[in-house]
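# Examining the three-dimensional arrangement
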Amino acid sequence: MTPVSSTMSSLPGPFPRGPGPRRRPGPRRRPGPRRWPGPGVILPALAATTACFLVLAAVVPWWLAPTDPLAIDPGAAFSSPSLSHWFGTDESGRDLYSRVVHGARPSLLIGAAATALGLGLALVLGLASGLGGRWLDAGIGRLVEVMLALPGLLLALVFIALAGPGVSTTIVAVGLTTAPGYARIIRSQARALRGSAMIESARVLGHHPAKILFRHLLPNALGPVLVLATLGVGQAVIWASALSFLGLGEAPPAPEWGAMLAAGRTYLGSAWWMTFFPGLTIVATAAASTVLGRSLQRRAVGA
Amino acid sequence: MPVVPRPARPASLAASLLASLLVLTGCAGSGGPGGSASDDTPVEGGTLVYASGDAEPTCLDPHVGGNYPQALLAGQYLETLYTKDEEGKIVPWLASGAEASEDGLTWTLTLREGIEFTDGTALDAATVKANIEHLQDPDTASSTGYLAVAKIKSMDVVDDSTLTLNLSAPDSALLESFSMPWVAIESAQALERSQADNCAAPVGTGPFTVSKWTKQDSVELTRNEDYTVPVDGADHAGPAHLEAITWKFIPEAATRYAALQSGTVDMIDNAQPDTIKAAEDAEDIDHLDAPRPGASNRIELNSSKAPFDDAKVREAFIRAVDVQDGLSSLFFDTAERSYSALSSVEPMGYSDESAFERDPEQANRLLDEAGWTDRDSQGYRTQDGKRLSLTFPVSTNQSVPAEQSLFQQFQATAKEVGFEVKLDLLDLSSWYDVLGENHYDLVSAPYTKVGPDVLSILFHSSNTVPAPSGYFANHAQVKDKKLDALLEEASATTDADERQAKYTEAQKIVLEGHYLLPLYDQQNHFLYSTDLHDVGAMTAVASPTFHDAWLAK
Amino acid sequence: MAGQTTSDPTQTRRSSRGAPTAWRPVGVWLARRAASAVFVLWAVATLIFVAIRLIPGDPAEAIMGGPGSQASAEALESARVDYGLDRPVGVQYLTLLGHLATGNLGTSYSLKIPVSEVLAAQLPGTLGLAVGAWILAWVVALGLALYSGLGGRGASAVGSALEIAAASVPHFWLGSVLVLLFSSAWRWLPPVSNGTVAGLVMPIVTLALPLAGFLGQVMRESMVTALNSPFALSARARGESEAGVVLRHALRHAALPGVALSGWALGSLVSGAVVVESIFARPGLGRTLLEAVTLRDVPLVTGVALVSALAYVVVMALSDLAERLIDPRIRGR
């Protein structure tokens, strides 16, 4: 569910641009002394902090939350947030803070793997389309058009019905649905690069096409792909949690954010914390990934 | 299909009554309307907005398929030959009586006279015959109703109000079957329409008729102005007080409860335990608890393959898991623990608490005896390098969230003695596929049926053989000749005491064989606005009917 | 959650080059669009046909009351014959294409009525929801862009943060929180459709906000760019007020990338509708789709897929036209 491209209008590299001037003057600056750090600093700093916590939680969850996220304690079920349970407890008395922290690994892993898959697929399609002949380009273009014409959730639902719910299915489903959008961006990127002076000259110098691909094209495409990946991970996390919400993702009691949210919504009226904290974590993750992706993108443009 | 003078009222009408009512197996209660006693004069007119959390039926004719959501709706516009009274006794409704021959192979069914369907046709013997033939027609694709009338071999219309039924084998459950909405009687003329037409608006004799069905939103039911209660002696025999019912489908539990709170709807079903608890404190919401008949909600242990082919391992599992703690915290004490294969509303149910006492030490001992002596690095028991692992497919359509959470807790407590339980949440299609392929060790499947004959469906060895569609009901895969014989004898006898004795014996075999872990009755909780009065009339399968109900507003 | 993914604005522009210009007859443009639409529909039908056949489970069972039905072997067989499932796959495929070509979408397995009837009944609900959400998203996004454009740096920061937050909120979470607040706690709004406008408020807001976040992000960038462009400078030099510059020139630019994203927005709305319709218990295509997939109702899944694909094609064509109207430079190209 990512309009990654929506934030892609200022991708680095020789992109065919929309209307308006080709050179982006960067954030609008008024003359005068800088009095406070603008949005260009605060948001990325916040995002970077969030990202650090998330990575820490994913790598060494035990440091942040020593409580076992799976340990049940029916006597303490539905406790509201307190000093002993920062985020409260769920219907089986499991500590929600611990579950949110331990949920970072599966949730981010699903997001990252899905993004990697989507981008990988897109890279193949996009490069083949951008660099291949007219027919290949047309063929892949049609394929991508068809994939875009199907609502993403439909694609995911059909795929899950096909392969059965689960982590790997979720990854593939999300990867598949995000691939066509990425493919379009990469294609236009490759197109623009192909026409660039650098590649022209390499070709004139008689370099082998493979060498051109690996020496010039891929390294130049890498930057935008990284930006895409950063922007995409957060949205992939949302996608995956939506599938969990519909009961098609990771099976409980595994601490996965979407599954926790799905479990919590039943108790919305009586235990708001069960929905609130995992939801907030997903929002924070997606927002951090957007902010970081965009500041990476600005840096690449040199604004 | 309530019974006069007062319909069965398995209701906890006030929160404070709840505990005692549960003990009284939900068949208590009587008389007065729920909530306010200030003004008991029914108000005529008004539209009841009812929100169901059950899946929207794909067909409103409960003959087709035959599940609980269909029964819930059909109770408003269709009526049955028999029904259940307050004491749980099966009593005539559209029928006036039935008599079996000495050998139990021939039944003579008599019908009440002067009853008309809403399309103007009259109820007669030929109509009943057409209905049973409709159920038996493969094209109807009836499953529940089909099984209920399976033993009827042929029928002879004697006169307008007399029908003879010839059975292939004696069937002590026949009248119980006739009380179920899945065997409700529809207009023969209407049944001749295409299935699509009949599914969209079945025609019956009930207090309401189907006037409009907006898919995925609601079914509009309008009052049958010509309705009269078929049984004599009703204090309210004429048309319903309510002018109409809007029957909405709101699958999300939280949304459904919010709709009741905000006054968008007047009554909801499938109320979740936490909202029942919350409603106790709400002044404008009342609670109705109506356990379904048939089987209790239970976990069945698949005895057809390792590790549960060993009775010791089955017992070890039953002794290992902690039911009580989860039950009280997850269900907020709204569900009473069951120790029986049958629902607490079944008079022939047999309970044995001792068979299900938690005892982890004994579980460990049993597993040691069964040869599961080693433990792997994660603490699970192993035998010859194989882990003691159990597959537990859970249907998200059939298990409410609290139940799914309970299963997760079983997973945790079973681990303590070395069981690995793998929970798989599946949609209904995939769930049936997994069962059909015998890829399960544990399973929980509800089964609603009136009467103890449900035991034959669940435990007779013939029901381990899947239908062509892959469906079978004996999920524990019990194959016990002695049990089969008992079930057959119980089904054949017409003597109530003998029947009870046989079914009790059969239940003992099942419980002592450790084939199942009973949890609680099939939960059937309703919450409704205090503006809605005289709620509580029920069909034989504990679905509410609204002939008596009225709205004060 | 929102829609599938991405459609690069630049891509729409590329395709727009093959569109009507002063010297090319509109007919050619229309013909191309129509050919492309037919191709997309054919491919979608084929894709679903293949995919559904790989899903485990017997379609005949889906017809005979779904899973758990105790349909007899004869009943299953007759269902197979009735629905042509006994014929070779190739024949089934060609039959499907033949039917589709004549506008026949087949009969739903689970509901036993023509798919076209189901779609006709469900489409208005989703359409109303989607159009309402789309309009609201545009209003909010434009509002935010205006606020950021006119309000200076502080406003820009706030606008940006709001947009990112909105774009990061999952539909199901937003919907649940709204129900909790407005129906359970304050009892202001009905949580389900009840035929009134009030019943539409929360579903539309839930569906619109994340979309508004995304649209806002692209619109604001475009607006900021436009405000720094030479023509804005010259307008200011001519003595136009800042508000005048924004309203007369920059808005037009802000709208363009939003228009270009219409195809993507549609996918986002349809995917979002599945969730929103579930939460708010609204009838519509989203829930139909979810149930059709669960019940393995092949014709219905195909029908919903085709309708969405057709909507996508139409929206892409319309957004192409809209861009042309807004941006004179494309018209000249």
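Residues numbered from 1 in each chain as written. Chains lettered and ligands numbered in written order. Predicted model: local features only at pLDDT ≥ 70, side-chain atom pairs only at ≥ 80, totals over all residues. Heavy atoms only, no water.

## Side note on the overall build of chain A
A count of helices and strands for chain A gives 10 helices and zero strands. Of all 303 residues assigned to chain A, the portion counted as buried reaches 57%. Accessible surface, chain A as shown: approximately 12,200 Å² in total, 69% of it carbon and sulfur. (Helix = DSSP H or I, 4+ residues; strand = E, 2+ residues; numbered from the N terminus. Buried < 20%, exposed > 50% of the residue type's maximum accessible area, 1.4 Å probe, protein only. Areas by Shrake-Rupley, 256 points an atom, 1.4 Å probe, with all protein chains shown as cover.)

## Let's talk about the overall build of chain C
If you tally the helices and strands in chain C, you get 14 helices and zero strands. Ordered by position from N to C terminus, the α and β elements of chain C give α-α-α-α-α-α-α-α-α-α-α-α-α-α. Put simply, chain C has 333 residues, and 58% of those count as buried. Considering only contacts within chain C whose residues lie at least 6 apart along the sequence, 72% involve residues at least 24 apart. Looking at chain C as shown, the accessible area adds up to about 12,200 Å², and 72% of this sits on carbon and sulfur atoms. (Contact = heavy atoms within 4.5 Å.)

## Here we look at the pairing of strand β8 (residues 208–214) of chain B
Strand residues, when the strand is regular, have side chains that alternate between the two faces of the sheet. Residues and elements named next belong to chain B. As defined by bridge partners, β8 adjoins strand β9 (residues 218–223) across six bridges and the pair is classed as antiparallel. Each bridged residue has a counterpart across the sheet, and for valine 210 the counterpart in β9 is leucine 221. Linking two consecutive strands that pair antiparallel, namely β8 and β9, is a turn of three residues; a positive phi of about 65 degrees is found at glutamine 216 within it. (Pairing = 2+ DSSP bridges.)

## Some remarks on the pattern of salt bridges
Applying the stated rule across the entire model yields 27 salt bridges over all chains. Bridged by salt links that share partners, the residues A:Asp90, A:Glu91, A:Arg94 and A:Arg99 form one connected network. (Salt bridge = Lys/Arg side-chain N within 4 Å of Asp/Glu carboxyl O.)

## Notes on the interface of chain B and chain A
Listed by partner, the interface residues are 20 residues for chain B and 17 residues for chain A. A combined buried area of about 1,600 Å² lies between chain B and chain A, and 59% of that area is made up of carbon and sulfur atoms. On the chain B side of the interface with chain A, the three residues burying the most area are B:Asp274, B:Gln408 and B:Leu425, jointly 29% of the side's total. In this structure, the connection of chain B to chain A is made through one salt bridge. We note a salt bridge from A:Arg265 to B:Glu252, for which the minimum N-O separation is 2.4 Å. The tally of links from chain B across to chain A stands at five residue pairs in polar contact (both at pLDDT 80 or more). Mapped by element, the contributors of at least two residues to the side of chain B that touches chain A are α11 (324–330), α13 (401–416) and β18 (420–426) of chain B. With eight residues, α13(B) is the largest single contributor of residues to the side of chain B that touches chain A. (Buried area = accessible area lost by both parts, 1.4 Å probe. Polar contact = N/O pair within 3.5 Å; in protein donor to acceptor, adjacent residues only side chain to side chain.)

## Notes on the state of the cysteines
What we call a disulfide is simply a covalent bond connecting the sulfur atoms of a pair of cysteines. All names here are of chain B. Summed over all chains, the structure comprises one disulfide over all chains. Shown here is the disulfide that connects cysteine 59 with cysteine 199, its sulfur atoms set 2.1 Å apart. One disulfide, between cysteine 59 and cysteine 199, carries an S-S torsion of -85 degrees and so falls in the left-handed class. Residue cysteine 59 is found in the loop between β1 (47–52) and α2 (68–77), and its partner cysteine 199 is found in helix α7 (residues 195–200); the two are separated by 140 residues along the sequence. Exposure class is identical for cysteine 59 and cysteine 199. Each is buried. (Disulfide = S-S within 2.5 Å.)

## Digging into unusual backbone geometry
Residue and element names in this part refer to chain B. The residue after alanine 306, namely proline 307, is reached through a cis peptide bond having omega 0 degrees. Positioned with a positive phi, glutamine 477 is a non-glycine residue whose angle comes to about 55 degrees. Locating glutamine 477 in the fold gives a position in the loop between α15 (454–459) and α16 (481–492). Relative accessible area serves as the criterion here: at 9%, glutamine 477 is assigned to the buried category.

## With respect to the sheet that holds strand β21 (residues 525–529) of chain B
Two strands in a sheet stick together by hydrogen bonds in their backbones, pointing the same way (parallel) or opposite ways (antiparallel). All names here are of chain B. Taking strand neighbours across the sheet as the criterion, the seven strands line up as β8-β9-β10-β1-β11-β21-β12 in an open arrangement whose pairing is mixed. Each edge of the open sheet carries a strand with a single partner, namely β8 and β12 (285–289). Contacts between helix α9 (residues 273–281) and the sheet are confined to β12 and β21, with β21 contributing the most and set at about 35 degrees to the helix. (Axes fitted to C-alpha atoms, helices over the stretch in contact; angles between N-to-C directions.)

## Re the confidence of the model for chain C
Residue and element names in this part refer to chain C. With 88% of its residues at a pLDDT of 70 or more, chain C shows a mean pLDDT of 81. The secondary structure element of chain C with the lowest average pLDDT is helix α1 (residues 9–16), at 40, and the one with the highest is helix α5 (residues 89–101), at 89. When the criterion is pLDDT under 50, residues 1–20 qualifies, and its contacts beyond four places in sequence or with other chains add up to 92 contacts. (pLDDT = per-residue confidence, 0-100.)

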